[in-house]
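# Examination of the molecular architecture
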Amino acid sequence: MPSLDELKALLQDFRATASHEDREDLKTFIADTFFDLVSHDHTNELADTMEQLQAVAEDIRPHVDVSGDFPSTKSSTWPQSGEFSELNPETTVVYDDFLYPDSLVDQMMDDGTIPSHYCNHCGSHDTAPLDIISHSAPVPALAAVFRFILPAAMFPNQLVVSPADVDRMRTMTLVDVGSRLGPVLFGAAVLADFGRLVGLEISAEYNDLVSKVAAARGYGQISVQQCDVTSPAAKGALSQADVLYIHNVFDFFVDPARIIAAWSAVIDNITTGRTRPGFAVTKPSLETMLGNAGMGQADIARALAKFTQVDSTEAKAVACKEITALEDRQDVIDDITVYTIAP
Ligand SMILES: C[S@@+](CC[C@H](N)C(=O)[O-])C[C@H]1O[C@@H](n2cnc3c(N)ncnc32)[C@H](O)[C@@H]1O
């Protein structure tokens, strides 16, 4: 019988040379035979990390309103195309999904702290539910991205993220494009092992708050840069990022007349001068955001020549199985898309 070290060496060789089917076969064999070794108590561990993120949300909540805004950051534009354009601003409310998870919003609606319905005809009982949107990523979606969807793209065909991969991640930088209250930065700090987490954000008030909370909670890997992501000042961070997170950065924040130019500038900043490959996590897909902005198909194809979409179907299915909070909120990960970016 081979010694443990010999067996490990054989497995390393196997991983380097075996076909995809043989690796899948071995994965199933190990999962079935050594279930106690490879199974991971995601439920308890994720519950702990979600508590840490809830603590961050509690630090932030007193400083902003329920939509996650300061008076100076209230959105003054409404999307002209895409899914949000169909909503009526009069009957849509913004609750920050990071600061106020569903359970808290339900509770606040039940006790009347915040409204849930509007009156179809003033004075009558003919009411309809308000549409609810959020400008921040919710915790279950962050858990799905950082524990399942992104690792599956970065380290394909692996059972778990290996210690060597964790070491590699510690040399990497994630950049959140429009970091607002920092859910992506705090989520990555708690759920992943990136060495640097950089937020690019135009609002100084968000940046001050995020910096203070990150320092108070000891997340030294988080920093924020006040800049317009379309400007040359953002170029270095965007073109050298190992991972970019782009969550609907311009809808509601950029004048619809300027949105195609804003997207062209940000895509240019990400790709021109890039010296190493990277990954982008976007919500919704880049194709959808550029299409919503009104860019034509040929221009979209040209803009995205260096982006290749990764198939995340299996990783999303695993995330839904492992993260209890996604049971009735699968919609929050449906349109999350991962790309590799060529230098
Ligand atoms: C939808 S929020 C995304 C928040 C965060 N990334 C998340 O997923 O929770 C978009 C953020 O982008 C910021 N933003 C919009 N246009 C920007 C620009 N041109 N430069 C920098 N930040 C911008 C807004 O101020 C807002 O905070």
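Conventions adopted
Residues numbered from 1 in each chain as written. Predicted model: local features only at pLDDT ≥ 70, side-chain atom pairs only at ≥ 80, totals over all residues. Helix = DSSP H or I, 4+ residues; strand = E, 2+ residues; numbered from the N terminus. Rg over C-alpha atoms; globule rule 2.2 N^0.38 Å. Buried ≥ 20, exposed ≤ 12 C-beta atoms within 10 Å, placed from the backbone. Contact = placed C-beta atoms within 7 Å. Domains from an automatic or database assignment. Nonpolar A, V, L, I, M, F, W, Y, C, P; charged D, E, K, R; others polar. Near = placed C-beta within 6 Å. Pairing = 2+ DSSP bridges. Axes fitted to C-alpha atoms, helices over the stretch in contact; angles between N-to-C directions.

If you look the chain up in an unreviewed UniProt entry, it shows as Methyltransferase domain-containing protein from Carpediemonas membranifera.

Quick look at the overall build of the chain now. The number of helices and strands found in the chain is 15 helices and 11 strands. Compactness check: the chain gives a C-alpha radius of gyration of 22 Å against a globular reference of 20 Å for 343 residues, within 12% of the reference. Each principal axis of the C-alpha distribution contributes one length, and for the chain these read about 80 × 45 × 40 Å. For the chain, buried positions account for 35% of its 343 residues. By sequence separation, contacts in the chain at least 24 residues apart represent 77% of the contacts at least 6 residues apart.

This brings us to the domain arrangement of the chain. Interface size is commonly expressed as the accessible surface area that is lost when the partners come together. Here the chain is described as being made up of domain 1 (66-133) and domain 2 (139-341). Inter-centroid distance (C-alpha atoms) of domain 1 to domain 2 is 25 Å. Domain 1 puts 14 residues into the contact, and the matching count from domain 2 is 16 residues. A breakdown of the residues in the side of domain 1 that touches domain 2 according to their chemical character gives 5 nonpolar, 8 polar and 1 charged.

Our focus in this paragraph is unusual backbone geometry. A cis geometry characterises the amide bond from lysine 283 onward to proline 284, with omega recorded as -10°. Relative to the helices and strands, proline 284 is located in the loop between strand E9 (278-283) and helix H12 (286-293). Although it is not a glycine, arginine 180 sits at a positive phi angle of roughly 45°. One can find arginine 180 in the loop between strand E5 (173-177) and helix H8 (183-191). Residues other than glycine seldom take positive phi values, yet asparagine 248 does so here, at roughly 40°. The topology assignment puts asparagine 248 in the loop between strand E8 (243-247) and helix H11 (259-271). Exposure remark for asparagine 248: the 22 C-beta atoms within 10 Å place this residue in the buried category.

Attention now goes to the site of the ligand. Around the ligand sit 23 residues in total, of which Gly178, Arg180, Ile202, His247 and Phe253 are the nearest. Elements represented by at least two residues in the shell around the ligand include exactly H8 and strand E6 (196-201). Split into classes, the residues belonging to the shell around the ligand amount to 11 nonpolar, 8 polar and 4 charged.

Another aspect to go through is the sheet that holds E9. As summarised here, the arrangement of the 7 strands in space is E7-E6-E5-E8-E9-E11-E10, forming an open sheet in which the pairing is mixed. In this open sheet, the two edge strands, each paired with only one partner strand, are strand E7 (222-226) and strand E10 (307-310). Pairs of neighbouring strands in the sheet enclose a mean axial angle of 25°, with direction left out of account. Examined bridge by bridge, E5 and E8 share 3 bridges and lie parallel to one another. The residue bridging valine 175 from the neighbouring strand is leucine 244, located in E8. Sitting on the sheet, H8 touches E5, E6, E7 and E8, and the angle it makes with E6 is about 175°.

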